[in-house]
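Survey of secondary and tertiary structure
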4 protein chains.
Amino acid sequence: MSQQHERWSPPARDPDDDTPRLECGVFGIWDVPEASGITALGLHALQHRGQEACGIAAFDGQGFHTERHMGYVGDAFGGGDLNKRLPGRAAIGHTRYSTAGGSFIRNVQPMFADLEAGGVALAHNGNLTNFLALREQLVSEGAIFQSTSDSEAILHLIARSRRPKFLERFTEALQQIEGGYALVALTNKKLVGVRDPLGIRPLVLGTLDGKCVLASETCALDMIGATFVRDIDHGEMVVIDEKGLRSFRPFPAQQARPCIFEYVYFARPDSVVNGRSVYEVRKRMGRRLAQETPADVDVVVPVPDSGVPAALGFAQETGLPFEMGIIRNHYVGRTFIQPTQGERELGVRMKLAPNRAVLAGKRVLLVDDSIVRGTNSIRVVKMVREAGAKEVHLRSASPPIMWPDYYGIDMPDRDKLLAANHSVEDITRILGVDSMGYLSVDGLYWAMEATRDPANPQFTDHYFTGDYPTRLLDKEVAEGRNEVRERQLSFLVDA
Amino acid sequence: MSQQHERWSPPARDPDDDTPRLECGVFGIWDVPEASGITALGLHALQHRGQEACGIAAFDGQGFHTERHMGYVGDAFGGGDLNKRLPGRAAIGHTRYSTAGGSFIRNVQPMFADLEAGGVALAHNGNLTNFLALREQLVSEGAIFQSTSDSEAILHLIARSRRPKFLERFTEALQQIEGGYALVALTNKKLVGVRDPLGIRPLVLGTLDGKCVLASETCALDMIGATFVRDIDHGEMVVIDEKGLRSFRPFPAQQARPCIFEYVYFARPDSVVNGRSVYEVRKRMGRRLAQETPADVDVVVPVPDSGVPAALGFAQETGLPFEMGIIRNHYVGRTFIQPTQGERELGVRMKLAPNRAVLAGKRVLLVDDSIVRGTNSIRVVKMVREAGAKEVHLRSASPPIMWPDYYGIDMPDRDKLLAANHSVEDITRILGVDSMGYLSVDGLYWAMEATRDPANPQFTDHYFTGDYPTRLLDKEVAEGRNEVRERQLSFLVDA
Amino acid sequence: MSQQHERWSPPARDPDDDTPRLECGVFGIWDVPEASGITALGLHALQHRGQEACGIAAFDGQGFHTERHMGYVGDAFGGGDLNKRLPGRAAIGHTRYSTAGGSFIRNVQPMFADLEAGGVALAHNGNLTNFLALREQLVSEGAIFQSTSDSEAILHLIARSRRPKFLERFTEALQQIEGGYALVALTNKKLVGVRDPLGIRPLVLGTLDGKCVLASETCALDMIGATFVRDIDHGEMVVIDEKGLRSFRPFPAQQARPCIFEYVYFARPDSVVNGRSVYEVRKRMGRRLAQETPADVDVVVPVPDSGVPAALGFAQETGLPFEMGIIRNHYVGRTFIQPTQGERELGVRMKLAPNRAVLAGKRVLLVDDSIVRGTNSIRVVKMVREAGAKEVHLRSASPPIMWPDYYGIDMPDRDKLLAANHSVEDITRILGVDSMGYLSVDGLYWAMEATRDPANPQFTDHYFTGDYPTRLLDKEVAEGRNEVRERQLSFLVDA
Amino acid sequence: MSQQHERWSPPARDPDDDTPRLECGVFGIWDVPEASGITALGLHALQHRGQEACGIAAFDGQGFHTERHMGYVGDAFGGGDLNKRLPGRAAIGHTRYSTAGGSFIRNVQPMFADLEAGGVALAHNGNLTNFLALREQLVSEGAIFQSTSDSEAILHLIARSRRPKFLERFTEALQQIEGGYALVALTNKKLVGVRDPLGIRPLVLGTLDGKCVLASETCALDMIGATFVRDIDHGEMVVIDEKGLRSFRPFPAQQARPCIFEYVYFARPDSVVNGRSVYEVRKRMGRRLAQETPADVDVVVPVPDSGVPAALGFAQETGLPFEMGIIRNHYVGRTFIQPTQGERELGVRMKLAPNRAVLAGKRVLLVDDSIVRGTNSIRVVKMVREAGAKEVHLRSASPPIMWPDYYGIDMPDRDKLLAANHSVEDITRILGVDSMGYLSVDGLYWAMEATRDPANPQFTDHYFTGDYPTRLLDKEVAEGRNEVRERQLSFLVDA
């Protein structure tokens with residue numbers, strides 16, 4: 001494969017950083033002045049969904065203008081002349097996750113193609129589970145891929161369709177892809193939003209002064225002062241143009257199975273996803289966790305920031321005091337040099353600091369949103385003990401993570417997932433805690449105010465259950481070839 | 001005056017941003033391998049005391065190596081080759097505040113001078129109240145100032161001293177300066193730390209494997225894994241060299257009057273300042289605030305992040321639920337373009353987002369650490385109302401700010417201080433709240449577990465009382481000349 | 001069309017700069033250690049053929065590595081770690097011309113495609129005369145173009161070929177393109193060089209320690225210490241791989257018609273093009289010019305640097321003294337601000353300075369290589385007069401330029417070509433010279449030691465004669481559509 | 001000493017590069033609109049005197065504005081907004097030489113000081129021979145040096161003078177410095193130019209629309225369209241202000257001894273220095289060289305560019321053909337990696353290419369302006385031989401360089417000067433030439449149309465004769481201390 005050297009390096013990821021990462025956030029707006037400026041704001045609100053890179057494509061009635069940058073939205077699209085650089089009344093935007101290795105501007109979205117009938121820009125959150133098969137077929141037919149992104153396959157399918165109209169071409173392309181995705185596309189005539197047949201990835205519709213807005217989460221609507229209208233339905237395609245908004249159903253009807261991990265970790269707490277407040281769901285996780293895994297402790301301390309709502313729920317349920325026993329350092333930068341002096345590890349201290357006044361001499365219960373490899377937990381627990389805690393108990397506000405994802409969440413290989421390889425007893429010992437507790441799968445559904453239907457689960461919860469909502473063609477092909485293909489393609493480093 | 005154009009622009013400060021800013025953080029370490037790398041970590045932990053610029057000076061036994069950069073510590077001093085760039089077993093470092101206007105690399109510290117007997121590097125947190133007088137005298141004697149920083153005056157005083165030994169020269173210089181300061185100096189033979197006669201600015205001593213460390217706050221000790229030993233005393237000079245640590249008292253003895261605003265806003269909550277946990281003091285402010293200004297509300301919501309401990313204290317005192325009704329966006333960048341669309345103001349939304357699930361339909365009590373001009377409060381209150389709050393009550397965990405500072409805190413002119421110009425009734429109306437409450441000065445001392453002695457206040461609290469702890473020579477001279485000199489020199493934009 | 005904003009701006013081209021510009025230089029090498037480093041050197045020697053951008057693609061036995069940069073070769077590929085960044089024993093490279101307007105990294109070569117059978121990198125000097133037709137057809141078949149470069153069309157033709165082997169695919173693609181070109185392609189198995197059926201653009205073969213090298217000019221061989229072997233023949237394809245070098249003839253046999261402008265302006269004087277020393281040809285142009293257009297003057301002065309050999313030939317033929325009456329400033333940068341002071345124009349003085357000691361009081365004969373729009377000549381003549389010359393006579397060492405090019409030379413539209421619109425008498429007046437003389441077309445052939453065969457000219461000389469060597473499909477189509485398409489596509493600014 | 005790391009690296013100097021380098025060029029203008037823009041142009045014309053860094057200081061009637069940059073004038077001060085960045089009707093500027101090692105923005109000029117009576121900016125070409133002594137004295141009195149530049153000593157002397165008026169202070173400072181220098185200073189009231197008592201370094205006066213201009217060479221006047229008025233006299237101080245131009249003589253009268261190396265190498269050929277055309281002097285050197293060291297050869301070839309005029313003179317004197325047998329590559333960049341392949345050295349080929357058509361089979365006489373260490377000559381000779389020359393003869397258009405300089409020319413230590421350590425016979429063998437010839441000192445004076453007066457030489461020619469025009473205090477002090485101090489301070493790398 002070709003390699004394009006780029007100057008930008010993403011903020012170094014601590015190799016022991018243990019948070020899962022989502023692929024992307026998308027945004028689109030139609031028929032407003034200064035569409036690029038509004039899109040930049042929307043992307044800023046979605047920055048938590050992807051910090052590596054970002055891009056905006058705008059249409060000004062005559063041509064498309066695109067910019068794609070490594071780095072934060074504020075650095076790339078803040079400042080004064082954006083609406084001159086990217087003029088127009090329609091725009092889409094994208095924020096992209098951070099990979100550990102090489103990152104390439106070629107892979108940054110929105111992607112653009114000049115079709116026979118005009119240009120199309122595409123922004124994509126999610127992952128196609130049949131991308132490798134599609135790519136092999138397309139390349140054998142003469143397609144030249146400029147990126148290693150599965151999003152480009154969609155553009156090639158659109159370009160190669162024999163249908164005359166764009167929506168027909170797009171529909172034909174959608175019918176060939178599999179996986180979880182939210183797509184936002186912009187042509188010279190329309191803005192289109194699509195959510196995969198199961199609604200795995202989220203997409204919402206809002207209005208700003210009567211004009212349509214599409215975004216991954218409602219927090220982007222709040223940022224620009226737009227009003228939330230509704231979620232895009234699973235398997236729905238909305239087309240926004242001078243005629244207004246029309247809804248299409250390009251797929252056979254299915255029951256929805258949105259990703260439950262959006263509630264556990266990815267979505268912002270102030271977002272409302274599929275009709276539920278993320279903050280309230282997380283607090284309910286904490287409340288249920290307190291019922292399922294009580295502990296005799298002095299204080300409840302969140303691992304900030306994602307553990308805060310569940311810790312509050314736990315404290316409110318139990319009446320135990322909630323305290324900020326760990327302080328987050330908001331300034332990050334490149335990795336510092338590990339001092340050779342002594343055996344101290346920088347580890348978690350770059351981001352988290354112990355608040356000795358809260359911890360010293362106490363029996364501390366830590367609440368985290370989830371535990372992936374456990375490396376981070378080991379360090380936090382050690383730090384809390386060194387700050388003088390008498391006991392340290394850990395609670396995960398989600399069930400044990402045991403299976404990899406194939407729909408746009410970057411998790412480590414299965415053999416690195418702590419809970420996939422160890423019992424809770426083992427984990428208690430490995431993490432060095434006095435007690436360890438996970439929320440149950442039923443408890444997670446309780447927090448969603450649902451009861452899991454094992455035949456047709458209301459959410460996709462495969463990370464906890466192994467119950468995948470779609471076939472996994474690329475994985476199956478790879479297994480047929482005796483290739484190890486544990487990870488989804490979106491996260492392969494291209495080299 | 002000369003102007004040196006620089007490429008770097010500090011992150012734009014929202015003109016309505018209402019937080020006071022401290023000048024600087026300082027750090028120093030003696031006789032350890034990789035002193036620069038450790039100093040970089042210490043500065044990272046002190047980043048909250050100054051985000052505009054940072055610098056490190058190291059001594060490698062033969063020469064000094066310095067680097068000074070605009071921007072964050074992590075960007076400037078992260079990465080792999082720092083100990084090669086700045087080799088040596090002794091180093092000092094500095095982080096600097098952000099000004100609204102031009103920022104100049106010339107003003108970044110540590111400052112360095114080649115004296116007859118060898119080099120000296122100096123890092124300074126605070127402000128000299130007689131700097132203009134000193135500068136006039138020094139320039140008339142032929143000194144060439146390369147910066148507009150008051151720190152440079154100290155170097156010139158040292159350079160011009162007729163005393164043979166460095167400590168004598170330094171002492172002679174210290175006896176000529178007035179104001180509040182914590183200084184860290186490095187020569188080829190020693191590391192020196194000084195705290196002003198009243199101990200206005202903080203400075204602590206720690207040990208790392210038996211070697212001495214100086215830092216503005218204990219959180220820097222935690223970051224590098226050092227052990228806290230004690231605060232440097234007010235008016236104390238500590239000299240660290242191959243003989244170990246010696247303590248000197250270059251000034252006549254006085255009662256200490258450390259700055260109480262360190263507890264209100266500046267210091268990190270996990271720091272212990274002058275023997276008191278900042279987090280615990282803030283929680284006590286919230287508890288006392290609840291006693292002094294109760295309210296009939298449904299929920300207590302902090303203005304994050306600095307309002308969190310006081311809000312927790314308020315909630316615990318009253319039994320009201322504590323909720324994260326406002327979510328902070330951790331990603332910042334350059335200012336975005338204000339959309340012309342509609343009348344919505346970006347205002348506070350770039351940094352803070354309303355959590356509707358908590359706020360809608362509720363009687364909300366907001367707790368903030370302090371209110372300076374009130375511009376930020378107006379926007380937060382408006383945002384909370386727009387998110388559906390039924391009532392909005394605001395509480396300030398510190399007393400009304402009525403007087404400017406001259407010791408290193410950048411506050412607006414007196415005519416812009418909300419409480420200096422309006423009654424609480426007016427303020428209630430201006431901020432658009434249902435009720436408004438401030439902590440009393442006595443309440444603030446209660447939180448410090450003290451009772452204010454009006455004859456000899458235990459802390460300097462002039463922002464609230466107008467009771468300045470020193471004479472203000474530059475201000476008096478300016479007033480004698482009928483010049484308006486409301487602001488301390490450190491914050492004048494050099495142009 | 002999409003627009004990708006880039007940070008780099010090419011050195012601003014003086015709007016009155018009057019030099020024609022060539023598109024590119026190409027280079028390739030096979031089976032040597034540190035192939036990228038050698039390619040960088042070769043490109044440095046070809047920098048005169050393109051200053052806007054450059055790129056290298058290397059193959060290391062397993063994968064391709066490419067870098068493409070705006071700016072000079074020395075800036076992009078100098079420095080220490082190139083062979084680590086672009087490892088491998090085979091590499092190709094490209095330098096690209098500078099456009100007046102936007103320049104886009106997407107258009108920089110080598111271009112790369114992942115085909116079914118493996119990757120292919122392509123570097124191209126020249127212009128396809130049927131590119132628009134090919135592009136329309138390819139896009140209608142679903143090809144997605146990522147650039148506006150005609151080189152990409154060749155890649156799409158290769159990718160879409162149904163033939164199984166790369167050489168067959170490449171041959172099939174070559175048989176569909178028209179125009180003038182020298183191509184260098186690299187696959188995981190071979191290095192391929194092709195020259196168009198008429199040999200319009202140059203390409204030479206050399207050896208370095210027995211390994212094959214391809215380059216646009218022999219000066220690149222000299223730079224790397226390689227030995228010149230022979231010119232690639234017109235219509236020849238050479239394939240270099242582990243079996244050695246094989247020669248193919250993918251086109252019907254035709255008489256060669258290499259571009260005569262390579263001798264007039266483009267090639268470096270130390271290069272040997274098609275068996276002739278460029279320096280010697282230029283000197284012969286000057287000698288013949290002296291015979292055809294003698295003048296009664298005191299001194300012969302070249303317009304540096306390209307006029308130097310012809311001026312030497314003129315002086316040697318006539319016995320007149322040759323003097324450096326105009327000094328070239330080798331330091332260039334961004335355009336300076338035109339002072340408003342007085343009416344002086346910066347014009348030519350940024351690059352050329354009058355040497356008064358040579359010019360004052362003299363009858364001066366200036367020799368330039370060619371005159372395109374005449375704007376530069378006007379300024380040089382004016383400058384020489386202001387320096388005190390008594391008379392100024394101008395001689396062009398090439399015939400009047402009257403027709404645009406379609407094979408990779410960027411010339412202005414026909415209505416801007418001075419000689420296409422004015423008689424020599426007019427031109428004498430316009431340029432403000434005492435006499436004006438052009439070399440004749442026959443004189444130019446004499447300098448080439450040839451007699452022009454009007455039925456089958458030995459060189460393509462269409463700029464002087466309008467006798468184009470190929471059909472011009474895109475131009476004809478555009479004229480059929482009543483579109484003005486005076487300029488070749490390679491030079492359209494993409495926006 | 002302190003070290004300030006900077007990002008910019010000067011273009012790497014080939015360790016075998018053999019050209020001497022001059023320290024600086026200076027420029028100043030008074031009372032014109034857009035003074036900065038004109039200064040930038042003037043500096044661009046003086047770029048050959050210093051390529052490392054450049055700076056401009058402008059005064060706008062109220063304050064000074066300065067910018068100092070590493071790199072070329074065109075990069076630093078080209079572009080559109082210079083007159084806004086540096087507004088005012090008066091400005092001075094400086095270009096600075098390139099050192100082999102570290103380069104520091106602190107050392108870039110103009111330097112600036114805020115004196116009691118107002119600001120002063122200073123630009124300096126030359127070197128003080130008593131700088132170390134001055135510096136020691138000033139530091140012992142408490143002066144803080146911010147640079148390692150001798151120019152800063154002048155500012156400190158001005159600042160410390162007890163005289164009330166600026167001109168008196170400046171004069172007092174001048175009377176304490178020794179060496180060779182041309183100074184341009186700007187205050188809020190006047191522009192001042194000074195040439196050292198012997199006129200070692202050049203400085204000329206011109207007018208632009210009746211306003212005064214100062215510049216190192218006349219080529220800067222030509223660039224801005226100004227008219228040459230006269231050289232500033234040796235030991236003259238000109239003061240330009242609202243009263244016009246006044247001339248002062250701050251030093252005792254002495255006979256002038258300008259630097260003869262300006263004619264040999266430094267000045268641009270189109271400049272007129274001390275009343276003599278540099279180009280004509282160089283041609284006369286070549287003519288005399290032909291007389292003194294004739295050779296039986298086929299062709300005269302200059303080592304470009306500085307050898308061109310002498311080679312022309314040589315050819316004209318002898319009637320031998322002058323040919324461009326070596327072609328200069330105008331594109332330079334960072335040093336390329338030396339290929340490990342074979343034994344070929346990149347050496348000189350990065351900059352110079354052999355023109356085989358001229359050289360092959362010929363007896364070649366190369367003319368260079370001067371030979372310092374000989375490393376470059378060895379490579380050029382080797383390259384010319386490898387291009388097929390039958391014989392290679394080398395001529396230096398200046399006498400053997402045998403002594404170091406202390407007045408602003410950066411030459412290697414004496415033990416590295418070829419002619420200081422070897423006879424002409426040795427040199428012939430070392431350089432690998434068939435014959436070697438130097439111009440005689442008398443011949444050099446003949447080229448200047450003078451006869452050398454051994455008692456009072458009309459020029460300083462110490463590089464050839466060891467006859468230094470001033471005492472060398474720093475050198476003497478160092479020798480007294482048994483320190484090796486072969487090199488002048490300006491060229492010491494500060495580290």
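Predicted, not measured: the structure shown is a model, and the values here were computed from it.

All names here are of chain A. Summarising the model, chain A shows a mean pLDDT of 88, and 88% of its residues fall at 70 or more. Contacts from residues 99–103, a stretch scored under 50 in pLDDT, to residues over four places away or in other chains number 13 contacts. This model gives residues 485–495 a pLDDT under 50, and the stretch forms 32 contacts once residues within four places in sequence are excluded. The complex model carries a pTM of 0.87, and its ipTM stands at 0.90.

Turning our eyes to something else, we now look at the interface of chain A and chain B. Think of interface size as the accessible area that goes away when the parts come together; that is how it is often given. At the junction of the two partners, chain A supplies 57 residues and chain B supplies 57 residues. Looking at the side of chain A that touches chain B, the elements with two or more residues in it are helix 1 (35–45), helix 2 (73–77), helix 3 (82–85), helix 7 (218–224), helix 9 (278–292), helix 10 (308–318), strand 19 (352–354) and helix 11 (356–359) of chain A. The leading source of residues in the side of chain A that touches chain B is helix 1 of chain A, at five residues.

Turning chain D through 180 degrees and shifting it by 0.1 Å along the axis lays it on chain C, with an RMSD of 0.0 Å. Seen this way, the second copy is the image of the first under a two-fold rotation axis. Judged by C-alpha distance, His330(D) is the residue of chain D that lies nearest the rotation axis, at 3.5 Å. By residue overlap, the copies meet face to face through one surface: 100% of the interface positions of chain D are interface positions in chain C.

To continue, consider the UniProt feature "binding site: Mg(2+)" (unreviewed entry) in chain A. All names here are of chain A. The sites that carry the UniProt feature "binding site: Mg(2+)" (unreviewed entry) are, in the present numbering, Ser306, Asp368 and Asp369. In summary, the annotated positions, though distributed over 64 residues, converge in three dimensions, the widest C-alpha pair being only 7.1 Å. Relative to the helices and strands, Ser306 resides in the loop between strand 17 (299–302) and helix 10. Setting aside chain neighbours within four positions, we find Ser306 in contact with Tyr265 and Asp369. Mapped onto the fold, Asp368 is located in strand 20 (residues 363–368).

Taken together, the contacts link 57 residues of chain D with 57 residues of chain C. Sorting elements by how many residues they give to the side of chain D that touches chain C places helix 1 (residues 35–45) of chain D first, with five residues. Of the residues belonging to the side of chain D that touches chain C, the class tally is 28 nonpolar, 18 polar and 11 charged.

Okay, the sheet that holds strand 6 (residues 111–115) of chain A next. All names here are of chain A. The six strands are arranged 6-7-8-9-13-14 in an open sheet whose pairing can be described as antiparallel. If you trace the sheet from one side to the other, it starts and ends with strand 6 and strand 14 (244–248), each paired once. This sheet shows a mean twist of 20 degrees between the axes of neighbouring strands, independent of strand direction. Summarising the sheet, strand 13 (residues 237–241) and strand 14 pair through five bridges and their orientation is antiparallel. Counterpart to Asp241 in the pairing with strand 14 is Gly244. Relative to the sheet, helix 5 (residues 150–160) contacts strand 6 and strand 7 (118–128), its axis offset from that of strand 7 by approximately 135 degrees.

Looking now at the sheet that holds strand 8 (residues 179–187) of chain C. Residues and elements named next belong to chain C. Spatial strand order, 6-7-8-9-13-14: six strands in an open sheet with antiparallel pairing. Edge positions in the sheet fall to strand 6 (111–115) and strand 14 (244–248), since each of these pairs with one other strand and no more. In this sheet, neighbouring strand axes are inclined to one another by 20 degrees on average, regardless of whether the strands run parallel or antiparallel. Two elements, strand 7 (residues 118–128) and strand 8, share nine bridges in a ladder whose sense is antiparallel. Paired with Leu128 across the two strands is Gly179, which belongs to strand 8.

Conventions we followed
- Residues numbered from 1 in each chain as written.
- Chains lettered and ligands numbered in written order.
- Predicted model: local features only at pLDDT ≥ 70, side-chain atom pairs only at ≥ 80, totals over all residues.
- pLDDT = per-residue confidence, 0-100.
- Contact = placed C-beta atoms within 7 Å.
- Helix = DSSP H or I, 4+ residues; strand = E, 2+ residues; numbered from the N terminus.
- Least-squares fit on C-alpha atoms with pLDDT ≥ 70 in both.
- UniProt positions renumbered as here; feature names shortened; annotations may be inferred.
- Nonpolar A, V, L, I, M, F, W, Y, C, P; charged D, E, K, R; others polar.
- Pairing = 2+ DSSP bridges.
- Axes fitted to C-alpha atoms, helices over the stretch in contact; angles between N-to-C directions.

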